[in-house]
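# Observations on chain architecture
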Amino acid sequence: MKRIPFAVYAAPLALMSLAAPSAAQERELDPVKVQATARYALPFVFQGFVTRCSVELASDGYVAANEERLTLKFADGASESWPVAKSLMMELTSQEAGEMSAIFDMLDDESLRPFVDGMIEGMVAQEMKVEDCGTIERALEILDPLPADNVAALAGFLVEMGMNEDEKGEAP
């Protein structure tokens, strides 16, 4: 099976890896929660992509021409998915006695959300491969007609497929 670019997995994986990487890998995750997590993370994943790829992409390219609109599109309604995304993170961190679990338990939503948002954006900007920028820009153009909820559903589905492949011992 061909490698799926990091950015496709980034939304739900960024939140899951913030919560508890080993717990996310060791258990089957609820696809509804993964989709909601992807929906919540979309605006921050997109901003991480823009941060990482702005130098690589054409100044008159698709993302440059549509950045403001895409930012608003991904942000509109994303906060409605926060309770489910937070639930998944709390579920994962409760299985770990690590530092992240303590942070999640200590912070209220007003403090936790900006922390998580910044971590998602930073993680995507740091982990995304620059050589994938053009491919991801093309994918954004292809997916743009879809509502953000459908883009999140697709991301959640791809993560679910990737987890199924991992269980079989195959690389996504």
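Everything quoted here is computed from the prediction, not taken from an experiment.

## Some words on the overall build of the protein chain
A count of helices and strands for the protein chain gives 9 helices and 0 strands. The secondary structure elements of the protein chain, listed N-terminal to C-terminal, are α-α-α-α-α-α-α-α-α. Split into buried and exposed, the 172 residues of the protein chain put 44% on the buried side.

## Examining the packing of helix α4 (residues 62–75) against helix α8 (residues 133–143)
With their axes 11 Å apart at the nearest point, α4 and α8 run at an angle of 55° to one another. It follows from the interaxial angle that α4 and α8 lie oblique. For the crossing formed where α4 meets α8, the hand is left-handed. Two secondary-structure elements touch here, α4 through Tyr62, Val63, Lys73 and Phe74 and α8 through Glu137, Leu140, Glu141 and Leu143. Its residues assigned to classes, the contact of α4 with α8 comprises 5 nonpolar, no polar and 3 charged.

## Some thoughts on the pattern of salt bridges
Two side chains that carry opposite charge are able to pair once their charged atoms sit near each other. For the structure on display, the rule yields 4 salt bridges. A salt bridge links Asp144 to Lys73, with the shortest nitrogen-to-oxygen separation between them at 3.0 Å. Of this pair, Asp144 sits in the loop between α8 and α9 (148–168) while Lys73 sits in helix α4, and the two are 71 residues apart along the sequence. As far as the burial class goes, Asp144 and Lys73 line up, both buried. Shared partners join several salt bridges into a network, and the residues in it are Arg69, Lys73 and Asp144.

## Regarding the packing of aromatic side chains
According to the stated counting rule, one finds 4 aromatic pairs in the structure shown. Taking the centre distance of 6.2 Å and the plane angle of 35° together, the rings of Phe46 and Phe49 count as tilted. Of this pair, Phe46 and Phe49 both sit in helix α3 (residues 31–53), 3 residues apart, which is roughly one turn of that helix. The residues Phe46 and Phe49 share a single accessibility class, namely buried. Grouping aromatic residues by their ring pairs yields a cluster made of Tyr40, Phe44 and Trp82.

## Side note on α8
Residues three or four positions apart in an α-helix share a direction because the helix packs 3.6 residues into each turn. Cys133, Ile136, Glu137 and Leu140 are the residues of α8 that are buried. Along the axis of α8, the buried residues cluster in a sector spanning 105°; they form a single face. Of the residues in α8, the exposed ones pointing more than 90 degrees away from the buried face are Arg138 and Ile142.

## Description of α3
Ala41 marks the point of greatest bend in α3, at about 50°, and the proline Pro43 comes within the next four residues. Most of α3 is tucked away: 17 of the 23 residues are buried. Where α3 begins, the side chain of Asp30 points an oxygen toward the backbone nitrogen of Val32, at a separation of 2.9 Å.

## As for the confidence of the model for the protein chain
Overall, the predicted model of the protein chain reaches an average pLDDT of 80, with 76% of residues at or above 70. pLDDT under 50 marks residues 1–9. Its contacts with residues more than four places away, or in other chains, come to 25 contacts. Segment residues 11–25 is flagged for pLDDT under 50; beyond a separation of four residues in sequence, or across chains, it makes 45 contacts in the model.

## Digging into the nonpolar core
In this structure, Phe46, Phe49, Val63, Phe74, Val116, Ile120 and Leu140 are the most contacted members of the largest nonpolar core, which totals 32 residues. The set of elements that each furnish at least two residues to this core consists of α3, α4, α5 (82–93), α6 (99–106), α7 (109–127), α8 and α9. It is α3 that contributes the most residues to this core, 10 residues altogether. In this structure Val63 touches Phe46, Phe49, Val50, Leu57, Glu137 and Leu140, once residues within four positions along its chain are discounted. Counting residues in hydrophobic clusters, the runner-up holds 6 residues, among them Leu29, Val34, Leu88 and Met163.

What counts and what doesn't
Residues numbered from 1 in each chain as written. Predicted model: local features only at pLDDT ≥ 70, side-chain atom pairs only at ≥ 80, totals over all residues. Heavy atoms only, no water. Helix = DSSP H or I, 4+ residues; strand = E, 2+ residues; numbered from the N terminus. Buried < 20%, exposed > 50% of the residue type's maximum accessible area, 1.4 Å probe, protein only. Axes fitted to C-alpha atoms, helices over the stretch in contact; angles between N-to-C directions. Parallel < 35°, antiparallel > 145°, perpendicular 65-115°, else oblique. Left-handed = near helix turned anticlockwise from the far one by under 90°. Contact = heavy atoms within 4.5 Å. Nonpolar A, V, L, I, M, F, W, Y, C, P; charged D, E, K, R; others polar. Salt bridge = Lys/Arg side-chain N within 4 Å of Asp/Glu carboxyl O. Phe/Tyr/Trp six-rings, centres within 6.5 Å; stacked < 30°, edge-to-face > 60°. Arc of directions from axis to C-beta. Bend = angle between axes of the 7 residues up to and from the residue. Polar contact = N/O pair within 3.5 Å; in protein donor to acceptor, adjacent residues only side chain to side chain. pLDDT = per-residue confidence, 0-100. Core = buried A, V, L, I, M, F, W, Y, C linked by side-chain atoms within 4.5 Å.

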